[in-house]
Amino acid sequence: MKNTSWLLKAFAILGVVTLSLGACSPAPIPSSTPASTPAAPAAQASPVSPAPTSAAPRPTPATPATPVSARPAEPTPPPSQPAPEKPAYGGTLALTLSADIPSLDFNGENTVNVWEPGRATVESIVRRNAWKSDIPIEGHLAKSWDVSKDGTVITFKFQSGIKWQDGSPFSADDVKFTFERYARPPQGVKSVWMAQLKPIKEAKVLDDTTLQLVLNEPSASFLDSLTYIVIYSRKWIEGGGDPRRQHVGTGPFKLQSYTPSVSLQFVRNASYWQEGKPYLDGLTWHIVADRATRFAALRTGRVRVASTRFSQLTPTEKTTIEQDKLSVRLWPTIVQGSPYMIFNLKTQPFSDIRVRRAIHLATDRAQARTVLFEGAGRPGFWFTYSKPPGIPFDELMKLPGFREDTALKQQDQAEAKRLMAEAGYPNGFKATLTSRPLSDFKTQAVFMANELNKIGIQANVDVLEDATVFAKFGRGDFQMGQLQGTTNLRPDPADNASLWFLPTSGLNYSYFDDAEFVKAYDEQGRLTDPLERSKLVRKMEQRLIDVMPGIHLGFFHGYLMAWNDVKNWPEFDRGVDANVLPSVWMSR
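Residues numbered from 1 in each chain as written. Predicted model: local features only at pLDDT ≥ 70, side-chain atom pairs only at ≥ 80, totals over all residues. Heavy atoms only, no water.

1. Considering the overall build of the chain
To be explicit about the condition: In this text, helices come from DSSP runs of H or I with a minimum length of four residues, and strands from runs of E with a minimum of two, each type numbered from the N-terminal end. Whether a residue is buried, partly exposed or exposed follows from its accessible area with a 1.4 Å probe, protein chains only, as a fraction of its type maximum: under 20%, in between, or over 50%, in that order. In this description, accessible areas are obtained by the Shrake-Rupley approach with a 1.4 Å probe, and a residue is regarded as covered only by the protein chains that are shown.
Scanning the chain for helices and strands turns up 15 helices and 20 strands. Scored against the burial criterion, the 588 residues of the chain give a buried share of 59%. Roughly 23200 Å² of accessible area belongs to the chain as shown, and the carbon and sulfur atoms make up 52% of that amount.

2. Concerning the sheet that holds strand S10 (residues 263-268)
Quick reminder of the rule: Here, any two strands with at least 2 DSSP bridges between them count as paired. As a rule, the C-alpha atoms of each element are fitted with a line to give its axis, helices using only the stretch in contact, and angles between N-to-C directions run from 0 to 180 degrees.
If you trace the 4 strands from one edge of the open sheet to the other, you get S2-S11-S10-S9, paired in mixed fashion. Of all the strands in the sheet, the pair left with one neighbour each is strand S2 (92-97) and strand S9 (253-259). For this sheet, the mean inter-axis angle between neighbouring strands, taken without regard to orientation, is 20°. Across 5 bridges, S10 lies against strand S11 (residues 282-287) in antiparallel orientation. By the bridge assignment, Val267 is partnered in S11 with Gly282.

3. Here we look at the packing of helix H8 (residues 365-372) against helix H11 (residues 439-453)
Under the convention used in this document: The hand of a helix crossing depends on one turn: near helix anticlockwise from the far one by less than a right angle means left-handed, and clockwise means right-handed. Here a residue-residue contact requires only that any non-hydrogen atoms of the pair lie within 4.5 Å. Each residue is assigned to one class: nonpolar for Ala, Val, Leu, Ile, Met, Phe, Trp, Tyr, Cys and Pro, charged for Asp, Glu, Lys and Arg, and polar for all the others, Gly among them.
Contact pair H8 / H11: the axes reach a minimum separation of 11 Å and the direction vectors enclose 145°. The way H8 lies across H11 gives a crossing that is right-handed. Along the contact surface, H8 presents Gln367, Ala368, Val371 and Leu372, while H11 presents Thr443, Gln444 and Phe447. Of the residues assigned to the contact of H8 with H11, the class counts are 4 nonpolar, 3 polar and no charged.

4. Some details on the pattern of salt bridges
We count it as follows: Whenever Lys or Arg places a side-chain nitrogen within 4 Å of a carboxyl oxygen from Asp or Glu, that contact is recorded as a salt bridge.
Here the structure, examined in full by the defined rule, presents 29 salt bridges. Between Asp466 and Arg436 there is a salt bridge; the shortest N-O distance is 2.7 Å. Placement of the pair is Asp466 in helix H12 (residues 466-475) and Arg436 in the loop between strand S14 (429-435) and H11, with a sequence separation of 30 residues. Arg436 matches Asp466 in its accessibility class, with the two residues each being buried. One continuous salt-bridge network, built from bridges that share partners, spans Asp352, Arg354, Glu415, Arg418 and Glu422.

5. Concerning unusual backbone geometry
Leave glycine aside and you will find that most residues have negative phi; peptide bonds, for their part, are mostly trans. At the junction of Lys277 and Pro278, the peptide bond is cis and its omega measures out at 0° in the coordinates. The amide bond that connects Gln348 to the next residue, Pro349, takes the cis arrangement and shows omega of 5°. Of note, the phi angle at Ser261 is positive, near 65°, even though the residue is not glycine. The residue Tyr511 is not glycine, and still its phi comes out positive at about 60°. Position of Tyr511 among the secondary structure elements: in the loop between helix H13 (493-500) and helix H14 (515-526).

6. Section: the nonpolar core
Rules: Take the buried Ala, Val, Leu, Ile, Met, Phe, Trp, Tyr and Cys residues and link them wherever side-chain atoms come within 4.5 Å; each set so joined is a nonpolar core.
By size, the foremost hydrophobic cluster in this structure holds 136 residues, and its most contacted members are Leu93, Ile125, Phe156, Phe179, Leu226, Leu283 and Ile359. Apart from residues no more than four positions distant in its own chain, Leu283 is found in contact with Thr92, Leu93, Leu95, Ala120, Phe253, Leu264, Gln265, Phe266 and Leu581.

7. Digging into the environment of Ala195
Its place among the elements puts Ala195 in the loop between helix H2 (172-183) and strand S7 (200-207). Residue class for Ala195 comes out buried when judged on its relative accessible area of 3%. For the pair formed by Ala195 and Pro503, sequence separation is 308 residues and the distance between their alpha carbons is 8.6 Å.

8. Description of the packing of aromatic side chains
Our working rule: Stacked, tilted and edge-to-face are the three classes assigned to paired rings of Phe, Tyr and Trp, where Trp is represented by its six-membered ring and a pair needs centres within 6.5 Å; plane angles under 30 degrees give stacked, over 60 edge-to-face, the rest tilted. Note on geometry: a ring has a charge over it if NZ (lysine) or CZ (arginine) is within 6 Å of the ring centre and within 35 degrees of the ring normal.
Going through the model one piece at a time under the given rule, you end up with 22 aromatic pairs. With a centroid separation of 5.0 Å and an interplanar angle of 70°, the aromatic rings of Tyr425 and Phe429 are classed as edge-to-face. Ring centres 5.7 Å apart and planes at 75° place the aromatic pair Phe512 and Phe517 in the edge-to-face group. By the ring-pair criterion, three or more aromatic residues cluster together here, those being Tyr340, Trp382, Trp500, Phe501, Phe512 and Phe517. Here the guanidinium or amino end of Lys318 rests over the ring plane of Tyr559, the centre of that ring lying 5.0 Å away.

9. What to know about the sheet that holds strand S8 (residues 210-215)
On the basis of which strands lie adjacent, the open sheet formed by 4 strands has the order S5-S6-S8-S7 and antiparallel pairing. Every other strand in the sheet has two partners, leaving strand S5 (142-147) and S7 as the edge strands with one partner each. If you compare each strand with its neighbour and ignore which way they point, the axes differ by 20° on average. Bridge analysis of S7 against S8 gives 6 bridges, and the strand direction is antiparallel. Considered in S8, the bridge of Asp207 is made with Thr210.

10. Some thoughts on the side chain of Gln165
Under the convention used in this document: Here a polar contact is taken to be a pair of N or O atoms separated by no more than 3.5 Å, where protein atoms must pair a possible hydrogen donor with a possible acceptor and residues adjacent in sequence count only if both atoms sit in side chains.
Locating Gln165 in the fold gives a position in the loop between strand S6 (153-158) and H2. Since its relative accessible area comes to 12%, Gln165 is described here as buried. One polar contact links the side chain of Gln165 to the main-chain carbonyl oxygen of Gly251, over a distance of 3.1 Å.

11. Some details on the environment of Lys519
For Lys519, the location among the structural elements is in helix H14. Judged by relative accessible area, which is 55%, Lys519 ranks as exposed. Each C-alpha atom, one on Lys519 and one on Met540, is 8.9 Å from the other, the two residues being 21 residues apart in sequence.

12. A short note on the packing of H13 against H14
Put simply, the rule reads: The cut-offs work like this: below 35 degrees is roughly parallel, past 145 is roughly antiparallel, 65 to 115 is roughly perpendicular, and the gaps in between are oblique.
Look at H13 against H14: their axes get within 11 Å of each other, and the N-to-C directions meet at 140°. Viewed along their axes, H13 and H14 adopt a mutual orientation that is oblique. Crossing hand, H13 versus H14: left-handed. Counted together, Ala494, Ala497 and Ser498 of H13 and Phe517, Tyr521 and Gln524 of H14 form the full contact between these two elements. Residues belonging to the contact of H13 with H14 are distributed by class as follows: 4 nonpolar, 2 polar and no charged.

Here is the structure:
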């Protein structure tokens, strides 16, 4: 690769809250494989060695974790590992999802519960390196790329011998087709990743293994954005294939079956393009909404990995595992959660900046870290920990709404009540806060409802299934919504901005459309100097504070865990967009 370095850059709360629950009952993890609804036919993998068995240890009672400071140090690096063992074939790895999936289409879905299992079947042209912290982006379907001196032309060379899971050959034309499908999605599909491809002016297929992208202008974060874009088969989709219900990808595993609210099952792709991989016979993702049930399955060994995002362990759960003295590995994840309550800016009274600012000033973020993060969270806003960063942490913590001194917080809350009266709501009003069904989301929503109650807003928390929630958000049929972003400790600021805050962003459910923000975003994307970019990122973050399209509660990080028979699970985790599954194996 040439000229690429510039691109590689139980809680108790006082108050009364109404909680409405939809059909959200969790599905148990079966001790045997459940009857399932077959997906579209998929060729079966050749039989290989049987999966290892493991006796389930007897659980012991949980002990609360010792509280930690409000602003802990960066997560410590994982412990050193023994010399690598020779990979073994066989075994079906069991994991969990925290909610059922709305559909399987990566173009139209944004939940991690689609991405975590789905990336077993489909792949991107570049990926984040999950094993080496000093290599942020590396090739995957693309084996190399060349960037022109002015940064506006990128030529990708793809691996040879790649085939789709239906046996047809992969080509550069599939990549071009995919980019066009994301940029101009089919009717009824809201493209979540449209903004990521905004820099592309033209895609040229030079030959079957070479694609040239001409950009409108240089983009410092473009390669990172491509890690999210999974590639589809033109032949399969134009032949009637429906990616909402099935996948035909280039990945190491094939989707064998999906049983709604129970599990997704995958089998080995015997024709995978990486010679000798994958090592596993298959994967089973159990769908379990209840956190306690997921944790019990992990402790007893019925599930072998606490993977990324919503399955990571809390400090209390980590302490329990350590007290159990199980044969496992534990390490802090660099992936951080960031609970975020959005406002629908098109509806009254949340179209009034005075109401939004009042809620911002009234929200006690220090209490949020205690209640929601077990004290292990970190204060911050959207770009506090970005690389390059936004507003410096020390400055942010002096601003109204973020400052945590008791007397100053009382001033903020008094100002919040004044703003509510000025907006015409001296006694507050009634509103609905819509939440996803995941345990963490419901807890966060109840917390926010109590914060709203401080300034007279009586919030009914309406818990709905994911498919219903995202449909309502997409239609603008809500007042407030509880969501949660995820990032890692080295995020490019454009990641969050392009997902949440541009008019074309797939997750811009607030309908935030601000010319000043967009201008700063576009300008920072043209720059390669981190210091100069940081100045513009700071402007972007300040604009979010001024307009306040939602309430960001800070960051938390948890812990990953793998039983010791699971080998080569990455410890420098960069998320599900790292395509790690071909290299994971299980010992006998």
